[in-house]
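Overview (structure and organization)
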Amino acid sequence: MKDKLSKLIEKSVGDYVEARFHERDEKFIEVSNGEVEDVRSKLLSGVGLRVLKNGAWGFSSTSKTDKKSLKTALKEAEKSAKISSEAKKESMEGLKEGNIAEGRYEAAVNDSAKNYSMEEKMNMVKDTEKMVRKEDEIRSGKCRWHEIHDEKSIVNSYGSEVELSDEKLEFYVLAYSLDNGERISGVESTGVTGGWKDLFEEESPEKMGSKAVKTAQDLLDAKTPKGERTTVVLNPEMVGLISHEAIGHTVEADFVLSGSITKGKIDEKVASDKVTLVDDGKADPHAGGWLPIDDEGIEAKRTEIIKNGILKNYLCDRETAEILNMKPMGNARAYEYSDEPIVRMSNTFIEPGDYSPEELIEEIDEGYYLEGAQGGQADANAEFMFGVEKAYKIENGEKKDLFRGVSISGSGFEVLKSIDAVAEDFRFDMGSGFCGKRQMAKVDGGGPHLRCEAIIGGKQEGK
Amino acid sequence: MSEILSLGNTLVKRAKEKGADEAEIYMENEKIKEVLVENDQIKMGKSQVKEGVGIRVLIDDKIGFAAVNSFDKDSILPKIDEAISIARSSIKDENNLIPSPKKIEKISGIYDEEAKNFDISDALDHGKNMLKGAKDYDDRFQFSSGTFTSEITNRAIVNSKGIEEEEKFSKFTYDGLGMAVDGYEVSSFDVKRDGVYHIDEIDTEGLGRELAKNTVNSLGAKKGEKFVGTALFATDSLPIILYMGMIRPLNANRVQKGQSKFEGKVGEKITSSRLTVRDDSTTNEGLGCRSFDREGQPTPPIDVIKEGELKNYYHNSYTAKKAGKVSTGHASGDASEMPGIGPTNFVIEPGKKTVERLIEEIEKGILINRFSGNVDPVSGDLSGVVKGGHLIENGEKKYPVRETMISGNIYEMLNKISGLSKKVISRPLFFGGGIITPYIRIEDLSFTSE
């Protein structure tokens with residue numbers, strides 16, 4: 001396929017042209033209360049073609065990969081680029097070249113999910129969900145399996161000729177208990193790049209089920225907090241969520257160019273000097289956002305977005321790197337063959353410090369320990385609000401009562417500025433999630449435990 | 001018989017031969033022309049042809065499903081085998097079924113003959129119009145991103161019970177996102193989506209203008225304050241709240257799983273009697289029109305809430321069988337997924353007052369242009385941030401506010417509706433279907449600010 005695509009783009013009239021074959025094989029199983037909620041096997045295969053002409057883009061895709069269909073699709077992309085360029089006000093010379101990737105990249109897969117039949121996967125999901133529902137106080141359960149296998153060939157007129165073979169797996173368990181009609185949920189989820197053994201290396205499905213049950217049981221007796229600005233210790237999952245949602249999106253170059261809060265702030269102090277925030281597609285071979293090459297055929301590199309509190313870099317694709325005079329570091333990603341690459345994060349995290357996680361708590365007179373990220377929202381000005389699954393009150397240096405229905409909000413950069421201690425531990429803990437920005441993307445995030453100031457809110461204040 | 005129905009029949013036959021008790025083939029073919037706007041400029045033209053086939057089989061009351069993005073038989077046949085193998089390993093459920101044919105009344109007005117001549121250059125003109133509408137209104141508006149999409153979709157379904165249906169529609173949808181920037185001041189984002197079936201109804205310039213107007217008007221925002229007062233939800237703030245707080249809980253699957261506050265409430269008063277809602281797949285004012293659903297069942301208009309009383313849930317064949325009822329025809333989704341449940345057009349009956357009158361009657365409150373936050377799908381607890389909000393005092397719009405959060409419960413809020421506007425808007429829903437809604441005024445809501 002790689003050769004076929006190289007030949008196809010040879011004679012293109014574009015200033016830059018790229019062809020990307022992408023075959024995605026996806027399996028999904030969801031069982032809830034003993035019933036199959038969803039089960040599917042989906043194959044998506046095709047070629048996406050992108051052409052740059054006088055600074056404007058044309059894109060076309062086709063599910064047919066015969067020579068004639070590919071030629072027609074390329075012509076469509078060229079036509080769209082030409083027409084778009086006539087309307088574009090500002091033209092550009094070309095794109096940044098970046099570290100051009102060549103060869104073949106394969107995910108480190110320890111026991112591929114392909115070695116297991118759908119029946120085995122269905123049984124695992126069924127059994128875990130059944131186990132959850134048997135426990136005291138648990139009214140209902142849900143369990144989900146999701147696997148994605150990607151094969152890609154990417155060629156472009158800047159010399160990238162690269163293949164990628166990737167496997168990403170996720171497992172999710174939910175247990176619900178009931179308190180006076182209010183449903184209390186306990187969730188455990190995990191997601192990796194890799195195989196079956198990588199996914200369940202730390203915890204088996206049974207153990208995850210038990211933990212979800214315990215959370216749903218423990219939260220039954222939890223109170224809700226009163227709203228206040230206070231000192232909080234964030235666990236690695238919360239750190240990952242804030243790094244990605246509240247900060248990461250504001251440094252994506254397309255958002256920067258459209259006026260996000262970080263525009264024009266390179267070399268300015270935007271966080272406590274204890275903060276080094278990084279995006280790196282190759283940070284960990286099993287992180288959910290592992291991405292050694294991007295869809296513009298650029299090899300992924302470590303990008304220090306914030307170094308010791310100073311904003312250093314934005315996340316760019318070839319085009320925005322040219323405009324902002326930065327380097328593309330592997331952040332141009334397309335979700336499916338029919339999507340064009342856009343600027344995305346991969347694995348976004350804060351570097352560890354030198355405190356022990358216990359020390360962070362011991363030094364607090366009054367505050368909260370937050371763990372388990374739930375849904376929320378963030379804006380281009382970095383203001384955010386997220387739900388927190390479990391919040392423990394900290395009093396005189398000790399973790400005390402458990403609270404539920406908690407939210408955390410504030411300005412992402414104010415939170416980063418308020419960080420006064422960063423722990424030495426580290427983990428990625430967002431690998432089971434997706435990020436949505438016109439298209440979906442598998443991402444991961446994490447970091448160490450850290451201590452900062454934030455606004456804590458409760459659903460029913462002061463219960 | 002059309003080519004697509006003939007393919008469907010061949011595939012159904014093949015699935016039966018391979019061991020399926022029953023089989024359903026859902027097919028879609030889309031021709032898409034799209035223009036992307038980014039940072040005040042045309043970014044890209046896109047041209048795509050997409051195909052999709054969803055295969056659902058039933059064996060011994062067990063369901064299997066597989067999908068592929070091609071009408072090519074060589075690609076589809078292995079997926080039939082896979083759907084069968086999935087069904088064999090699945091869980092037996094006597095409510096699983098492939099439904100029988102029912103009389104379909106074909107609706108008109110959803111396909112514009114001119115759409116087949118709609119070219120990428122026409123799409124580009126509409127991208128330019130969005131930008132023009134915004135910039136002509138006020139140059140301080142920054143168009144962060146926008147999309148104009150024209151699509152012609154041909155959908156067809158064939159099953160082993162004798163359903164053979166096909167329908168074509170054209171749709172033009174457009175959306176924009178941006179903010180106003182004045183010196184160092186940056187307003188909140190505003191987001192708008194709109195769509196129509198006919199080329200001559202497209203108003204991309206209007207969408208751009210509205211975006212610019214809302215964001216520029218929210219410049220100079222002052223810090224909000226903590227109080228309990230009236231919320232006037234503008235039409236564009238409502239689709240997401242109503243989707244999360246009303247449309248999802250009406251899904252019979254959620255009701256049957258105990259995940260809906262509306263469980264057991266049919267025939268009971270669940271909202272203020274000012275509220276009347278119907279689901280109407282036939283009104284061309286809405287963007288969720290269709291003659292048949294994802295399972296080939298008819299979708300006649302239904303009452304959802306009548307003067308505050310809950311009348312119906314949304315059913316597909318599975319939930320209807322479980323409840324001992326007939327499907328309301330709300331099976332939703334595309335060819336890549338099993339039929340789910342979703343609305344067609346969620347139509348809220350307008351009130352009698354003008355928006356101005358609704359404002360005049362407010363002692364103290366906030367006009368909410370956009371809501372960014374969450375509604376818990378089960379409890380209905382709502383929390384989020386008001387975007388582009390304006391403080392109202394003694395019947396007058398005073399000034400824009402920022403950093404204002406609202407919290408409450410959607411079901412309690414729906415019981416405190418004190419007025420609806422005459423004016424309504426029609427919007428496409430993000431997850432499929434459409435919504436037609438007036439402004440909704442709600443009393444006793446808690447506003448907080450840091």
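Calculation rules
Residues numbered from 1 in each chain as written. Chains lettered and ligands numbered in written order. Predicted model: local features only at pLDDT ≥ 70, side-chain atom pairs only at ≥ 80, totals over all residues. Heavy atoms only, no water. Helix = DSSP H or I, 4+ residues; strand = E, 2+ residues; numbered from the N terminus. Rg over C-alpha atoms; globule rule 2.2 N^0.38 Å. Buried < 20%, exposed > 50% of the residue type's maximum accessible area, 1.4 Å probe, protein only. Contact = heavy atoms within 4.5 Å. Areas by Shrake-Rupley, 256 points an atom, 1.4 Å probe, with all protein chains shown as cover. Lys, Arg positive; Asp, Glu negative; His and termini not counted. Charge placed at Lys NZ, Arg CZ, Asp CG, Glu CD. 1 Å grid on protein atoms, 1.4 Å probe; cavity = no way out; pocket = protein on both sides within 12 Å on 5 of 7 lines; lining within 4 Å. Points joined across faces, edges and corners; volume = space filled by probe spheres on them. Domains from an automatic or database assignment. Buried area = accessible area lost by both parts, 1.4 Å probe. Salt bridge = Lys/Arg side-chain N within 4 Å of Asp/Glu carboxyl O. Core = buried A, V, L, I, M, F, W, Y, C linked by side-chain atoms within 4.5 Å. Polar contact = N/O pair within 3.5 Å; in protein donor to acceptor, adjacent residues only side chain to side chain. Patch = residues over 30% accessible without salt bridge, like charges linked within 9 Å, V, L, I, M, F, W, Y side chains within 5 Å. Expected span 1.5 Å × (residues − 1). Axes fitted to C-alpha atoms, helices over the stretch in contact; angles between N-to-C directions. Parallel < 35°, antiparallel > 145°, perpendicular 65-115°, else oblique. Left-handed = near helix turned anticlockwise from the far one by under 90°. Nonpolar A, V, L, I, M, F, W, Y, C, P; charged D, E, K, R; others polar. Pairing = 2+ DSSP bridges. Arc of directions from axis to C-beta. Phe/Tyr/Trp six-rings, centres within 6.5 Å; stacked < 30°, edge-to-face > 60°. Lys NZ or Arg CZ within 6 Å of the ring centre and 35° of its normal.

Our next topic: the overall build of chain B. Within chain B one finds 9 helices and 23 strands. In terms of overall size, chain B behaves like a compact globule, its C-alpha atoms giving a radius of gyration of 23 Å where 450 residues would be expected to give roughly 22 Å. The principal-axis extents of the C-alpha atoms in chain B amount to approximately 70 × 55 × 35 Å. Counting across all 450 residues of chain B, residues that qualify as buried make up 63%. Long-range contacts, defined as pairs at least 24 residues apart, comprise 74% of the intrachain contacts of chain B with a sequence gap of at least 6. For chain B, the accessible surface area stands at approximately 16,700 Å², while carbon and sulfur atoms represent 44% of it. Looking at chain B, you have 63 positive and 72 negative side-chain charges, and the mean spots of the two groups are 3 Å apart.

Turning next to empty space enclosed by the protein. Residues and elements named next belong to chain A. Per the stated rule, a full pass over the model turns up 5 cavities of 30 Å³ or more. Taken as a whole, the largest cavity holds about 170 Å³ of empty space. Elements with a contribution of two residues or more to the lining of the largest cavity: β1 (16-32), β5 (138-156), β6 (161-179) and β22 (439-442). Summarising the domain contributions, the lining of the largest cavity has at least three residues from each of domain 1 (2-221) and domain 2 (228-458).

Here we come to the domain arrangement of chain B. All names here are of chain B. Here chain B is partitioned into domain 1 (3-217) and domain 2 (222-449). Placing a centre on the C-alpha atoms of domain 1 and another on those of domain 2 gives a separation of 23 Å. Between domain 1 and domain 2, the contact holds 45 residues from the first and 40 residues from the second. Contact between domain 1 and domain 2 buries roughly 3,500 Å² in total, counting both sides, with carbon and sulfur atoms accounting for 54%. Interface area lost by domain 1 to domain 2 is led by Asn95, Arg193 and Tyr197, which between them contribute 17%. Along the contact surface separating domain 1 from domain 2 lie 4 salt bridges. Across the pair Asp236 and Lys192 runs a salt bridge, and its minimum N-O distance is 2.4 Å. With 7 residues, the top contributor of residues to the side of domain 1 that touches domain 2 is strand β7 (residues 190-196).

Ranked by size, the top nonpolar core spans 47 residues in total, and within it Phe233, Leu275, Phe346 and Ile406 of chain B carry the most contacts. The leading source of residues in this core is helix α5 (residues 238-247) of chain B, at 7 residues. The contacts of Ile406 of chain B, once residues within four sequence positions are left out, are Phe233, Ile368, Phe371, Leu382, Ser383, Gly384, Val386, Leu445, Ser446 and Phe447 of chain B. One finds Ala253, Val270, Leu311 and Leu315 of chain A within the second-largest nonpolar core, a separate group that totals 46 residues.

Turning our attention to the interface of chain B and chain A. Listed per partner, the contact involves 64 residues of chain B and 64 residues of chain A. On the chain B side of the contact with chain A, Gln41, Asn69 and Ile91 of chain B bury the most area, a combined 12% of that side's loss. The interface formed by chain B and chain A holds 9 salt bridges in total. Where chain B meets chain A, there are 29 residue pairs in polar contact (both at pLDDT 80 or more).

Among the surface-exposed residues, Asp354, Glu358, Glu359, Glu362 and Glu424 of chain A lie close enough to one another that they form a single negatively charged patch. Mapped onto the elements, Glu424 of chain A comes out in the loop between β19 (421-422) and β20 (427-428).

In this model helix α2 (residues 73-89) of chain B runs 25 Å from its N-terminal to its C-terminal C-alpha over 17 residues, within 8% of the 24 Å that 1.5 Å per residue would give. Taken residue by residue, α2 of chain B has Ile76, Lys79, Ile80, Glu82, Ala83, Ile84, Ile86, Ala87 and Ser89 of chain B as its buried positions. Looking at the buried side of α2 of chain B, the elements it contacts are β1, β2 (35-53) and α3 (118-134) of chain A together with α1 (3-17), β2 (41-59) and β3 (62-68) of chain B.

Further remarks concern the packing of α1 of chain B against α2 of chain B. All names here are of chain B. At a closest axis distance of 10 Å, the pairing of α1 and α2 adopts a crossing angle of 40 degrees. With respect to each other, α1 and α2 are oriented oblique. Along this stretch, α1 crosses α2, giving a crossing that reads as right-handed. Here Leu7, Thr10, Leu11, Arg14 and Ala15 of α1 come into contact with α2, specifically with Lys73, Ile76, Leu77, Ile80 and Ile84. Classifying every residue of the contact of α1 with α2 by side-chain character gives 7 nonpolar, 1 polar and 2 charged.

Moving on to the domain arrangement of chain A. Residue and element names in this part refer to chain A. Domain parsing of chain A yields domain 1 (2-221) and domain 2 (228-458). In this assembly, 64 residues from domain 1 lie in contact with 43 residues from domain 2. Carbon and sulfur atoms supply 52% of the area buried between domain 1 and domain 2, which totals about 4,200 Å² over both sides. Three residues stand out in domain 1 for area buried against domain 2, namely Lys96, Asn99 and Leu219, and they jointly supply 18% of the buried area on that side.

All right, on to the sheet that holds strand β10 (residues 303-307) of chain A then. All names here are of chain A. What the 6 strands build is an open sheet, ordered β11-β10-β9-β14-β23-β20; its pairing is mixed. Looking along the sheet, the strands with just one partner apiece sit at the ends: β11 (310-311) and β20. Pairing of β10 with β11 involves 2 bridges; the strand directions are antiparallel. Across the sheet, Lys307 pairs through a bridge with Ile310, a residue of β11. Together, β9 (277-279), β10, β14 (347-350), β20 and β23 (444-447) form the strand contacts of helix α6 (residues 236-247), whose direction differs from that of β23 by roughly 125 degrees.

Its volume calculated, the second largest pocket comes out at about 1,200 Å³. Lining the second largest pocket are 46 residues, and of these Ile261, Asn381, Glu383 and Ser411 of chain A together with Val186 of chain B lie nearest its centre. Taken together, the elements giving at least two residues each to the lining of the second largest pocket come down to β16 (383-395), β18 (406-411), α10 (412-417) and β24 (450-458) of chain A together with β6 (185-186), β18 (381-387) and β20 (396-402) of chain B. Ranked by residue count, the leading element in the lining of the second largest pocket is α10 of chain A, at 4 residues. Per-class residue counts for the lining of the second largest pocket are 18 nonpolar, 14 polar and 14 charged.

As a further point, take the pattern of salt bridges. Counted according to the given criterion, the structure contains 78 salt bridges over all chains. With its nearest N and O atoms 2.7 Å apart, the salt bridge here joins Lys121 of chain A to Glu147 of chain A. Within this pair, whereas Lys121 of chain A is found in helix α3, its partner Glu147 of chain A is found in strand β5, the two being separated by 26 residues in sequence. We note that Lys121 of chain A, like Glu147 of chain A, is buried. Sharing partners across several salt bridges, the network here consists of Lys353, Arg357, Glu360, Glu361, Arg441 and Glu443 of chain B.

Before going further, it helps to examine the pairing of strand β8 (residues 228-234) of chain A. All names here are of chain A. Examined bridge by bridge, β8 and β24 share 7 bridges and lie antiparallel to one another. Among the inter-strand pairings, Thr230 is bridged to a residue of β24, identified as Ala454. Bridge count for β8 against strand β15 (residues 366-378) is 4 bridges, and the pairing is parallel. Bridged to Leu234 within β15 is Leu370.

Moving on, we come to helix α1 (residues 2-10) of chain A. Residue and element names in this part refer to chain A. When α1 is considered as a whole, its buried residues turn out to be Lys2, Leu5, Ser6, Leu8 and Ile9. Across the axial projection of α1, the buried residues extend over an arc of 160 degrees, all falling on one side. Facing away from the buried side of α1, by more than 90 degrees, are the exposed residues Asp3, Lys7 and Glu10. The secondary structure elements touched by the buried residues of α1 are β1, β2, α2 (67-87), β5 and β6.

All names here are of chain B. Enumeration over the complete set of coordinates arrives at 21 aromatic pairs over all chains. A cation over a ring is seen here: Lys222 above Tyr399, with NZ or CZ 4.3 Å from the ring centre. Sitting over the ring of Phe227, Lys364 keeps its end group 4.7 Å from the ring centre.

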